[in-house]
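These are the residues of each chain, in order.
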Amino acid sequence: MNASPVPPERRFALPVAMRWLLGCDALMLTAWRAGQVALPWWVLQAGGARHLALYAVSAGAMSLLAMPLLAPLGDRFGKRRLVALGLWAMALQAGGLAALCLTGRYSLAGVLLLTAWGMGAFAVITPAALSVTPELLPPAQLTRGLGLQKSAQAVGRVLGPVLAGSVLGVAGVGMALALYLGLMLVAAAMAQQLLRHGGLPPPTAGEAPRAWWQALRSGWQVKWAMPLERYWTLATFVVSLFVQLGMGLLLPLKVQSLGLGGGWLGACEAALAVGALAAALGGSGALVRRWGRPATSYGALAGQVLALAALAVLRQGPWLLPVLALLGASVTAVQLVGQTQRLLAVPPHYRARLTAVNLTVMQAAAALGPALAGWGLQHAGVDALYAGAALGTLLGLGAYLCIPGYRAFLSLPAEAAQGVYQRRHPGLFR
């Protein structure tokens, strides 16, 4: 009697190179988040609030500039190679910061220079790591592979602050920065294994290196020339503007307004990460199998509206945690549903630069949100701002409903989505 065939999802086995990529992602984000806890604390202790403000503004400006300027490297020199080189560059930055701190040689200029170096390296790594996954997995396995990648990233986002906070409390900021260095060195070593297993795909005729400015400009031109991507990007900007504000600057203000301590803020951040992890580990995939991609996307957007509205009216701390878990899960579900189809639809030699455009849009929203909140807090309280964020996200949901071809595009099976942008717009991708 013949055994029944094993369903494809149960035959799923990760290629070795994909395993190394997941390890790099998890360790890199663990290290990065640890550094983002330790470094501002050191600046605040050694230089005061004014230095901390200068550090925050400089880091945000460098991040916003570096992403579009450096992302085309991924399409010119190989994404896996850039992940490895970028991690070694970040390890160099971590080493410089640890050396300055452990020797007691605090310098704002040195910190800002090393921060700019690290932001540049991070801007090289992020679009390359996000867009290399389709090179490691067949289209039928891409959705699950991206879910695992999101899970690895979520684990890093949770572990980094926990480890840094523990070391700060026990051994001080110098050892916390040394932890940042150690984790980044291990991540860079893992990236070398990513290069050894699977190799680099040879460039094709369509992937010949271009002039730098042409490569930089082409990502934005292609994005704007396709109606689906143009309106999708604009709708994403609106939603990101309000959702990132609700998850970022407004969250500690909400915790403070309820008379809660710093431990509650940590619990809230953990709740966001747990929600994101649940969606990445299979929650969003289960919804897609049950309801389809379009309904999952619209439902997750509605979940963001509900969560932000709930944060506007909540008066008891324990209720913050499930609401923030819903918010984290909803944000991740929308990203996963769209990211899978987009990566399949874009030709391989354009994936890094178009991923960089998406990340730049989100970073621009994250930079504009605090400015809007600063103005709003002069006229209203935190609860009113959360209500405004919920309303803004609702407008974004309406924009998603009006995107031409969005539902039909998300409904495409993986095989049909593969390269669909180039088939629809053959003159754009040269």
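These numbers come from a predicted model, not from an experiment.

1. Comments concerning the overall build of the protein
In step 1: What the protein contains, in helices and strands, is 18 helices and 0 strands.
In step 2: Burial analysis of the protein (430 residues in total) assigns 49% to the buried set.
In step 3: In the protein, 86% of the contacts between residues at least 6 apart in sequence involve partners at least 24 apart.
In step 4: Total accessible area computed for the protein in this model is approximately 18,700 Å², and 69% of it derives from carbon and sulfur atoms.

2. Brief notes about the pattern of salt bridges
In step 1: Here the structure, examined in full by the defined rule, presents 4 salt bridges.
In step 2: A salt bridge links Glu229 to Arg342; its shortest N-O distance comes to 2.9 Å. Remark: Arg342 occurs in helix H13 (residues 320–345) and Glu229 occurs in helix H9 (residues 227–247); sequence separation between them is 113 residues.
In step 3: On the basis of relative accessibility, which here comes to 13%, the residue Arg342 falls in the buried class.
In step 4: Taken together, the shared-partner salt bridges connect Lys223, Glu229 and Arg342 into one network.

3. Digging into the packing of H9 against helix H12 (residues 293–313)
In step 1: The interhelical angle for the contact between H9 and H12, taken along N-to-C directions, is 45 degrees, at an axis separation of 11 Å. With respect to their mutual orientation, H9 and H12 come out oblique. Relative to H12, the crossing made by H9 is left-handed. Residues Val239, Phe242, Val243 and Gly246 of H9 pack against Leu301, Gln304 and Leu308 of H12.
In step 2: The class makeup of the residues in the contact of H9 with H12 is 5 nonpolar, 2 polar and no charged.

4. Topic: the packing of aromatic side chains
Aromatic rings considered in pairs are described by the distance between their centres and by the relative angle of their planes.
In step 1: With the rule as written, the count across this model stands at 7 aromatic pairs.
In step 2: A ring pair is formed by Tyr298 and Tyr406, whose centres lie 5.9 Å apart and whose planes are at 50 degrees; its orientation type is tilted. Placement of the pair is Tyr298 in helix H12 and Tyr406 in helix H16 (residues 406–410), with a sequence separation of 108 residues.
In step 3: For the ring pair Tyr400 and Tyr406, a centre distance of 5.5 Å and an interplane angle of 75 degrees mean the geometry is edge-to-face. Here Tyr400 and Tyr406 have matching classes, each one buried.
In step 4: In this structure an aromatic cluster arises from ring pairing among Trp232, Tyr298, Tyr400, Tyr406, Phe409 and Tyr421.
In step 5: Taking the ring centre of Trp232 as reference, the NZ or CZ of Arg342 above it sits at 3.9 Å.

5. Remarks on the nonpolar core
In step 1: Counting residues in hydrophobic clusters, the biggest one holds 58 residues, and the most contacted among them are Trp232, Leu311, Leu324, Leu327, Tyr400, Phe409 and Tyr421.
In step 2: It is H13 that provides the largest number of residues to this core, a total of 12 residues.
In step 3: Excluding residues that lie within four positions of it along the chain, Leu311 makes contacts with Lys254, Leu320, Val323, Leu324, Leu327, Asp383 and Tyr386.
In step 4: Core analysis: the second largest hydrophobic core is formed by 51 residues, Tyr55, Leu136, Leu137 and Leu177 among them.

Here is what the cut-offs are and how they apply
- Every chain begins its residue count from 1, and numbering advances along the sequence as written.
- Residues qualify for local features only when their pLDDT is at least 70, as the model is predicted, and side-chain atom pairs are given and counted only at 80 or more; totals for whole chains, interfaces and linings, by contrast, use all residues.
- Side-chain measures were taken over the full set of non-hydrogen atoms in the model, leaving aside hydrogen atoms and water.
- Under the DSSP-based scheme used, a helix requires at least four consecutive residues in state H or I and a strand at least two consecutive residues in state E, with every element numbered from the N terminus.
- Any residue under 20% of the maximum accessible area for its type is buried, any over 50% is exposed, and the rest in between are partly exposed; the area is computed with a 1.4 Å probe on protein chains only.
- Contacts between residues were defined by any pair of non-hydrogen atoms, one from each residue, lying within 4.5 Å.
- Method for areas: the Shrake-Rupley scheme with a 1.4 Å probe, in which residue coverage is limited to the protein chains shown.
- Any Lys or Arg side-chain nitrogen located within 4 Å of an Asp or Glu carboxyl oxygen qualifies as a salt bridge.
- For every element, the axis is a line fit to its C-alpha atoms; helices are fit only across the contacting stretch, and the angle between N-to-C directions ranges from 0 to 180 degrees.
- The labels follow the angle: roughly parallel below 35 degrees, roughly antiparallel above 145, roughly perpendicular from 65 to 115, and oblique for the rest.
- Each crossing gets its handedness from the near helix: less than a right angle anticlockwise from the far helix is left-handed, clockwise is right-handed.
- Note that Gly is not counted as nonpolar here; it falls among the polar residues with everything else outside the nonpolar set of Ala, Val, Leu, Ile, Met, Phe, Trp, Tyr, Cys and Pro and the charged set of Asp, Glu, Lys and Arg.
- Here a Phe, Tyr or Trp ring, Trp counted by its six-membered ring, pairs with any other such ring whose centre lies within 6.5 Å, and the pair is stacked when the planes are under 30 degrees apart, edge-to-face when over 60, and tilted otherwise.
- The rule for a charge over a ring is simple: NZ of Lys or CZ of Arg within 6 Å of the ring centre, and within 35 degrees of the ring normal.
- For the purposes of this section, nonpolar cores are sets of buried Ala, Val, Leu, Ile, Met, Phe, Trp, Tyr and Cys residues that join through side-chain atoms within 4.5 Å.

In short, geometric facts, not functional conclusions.
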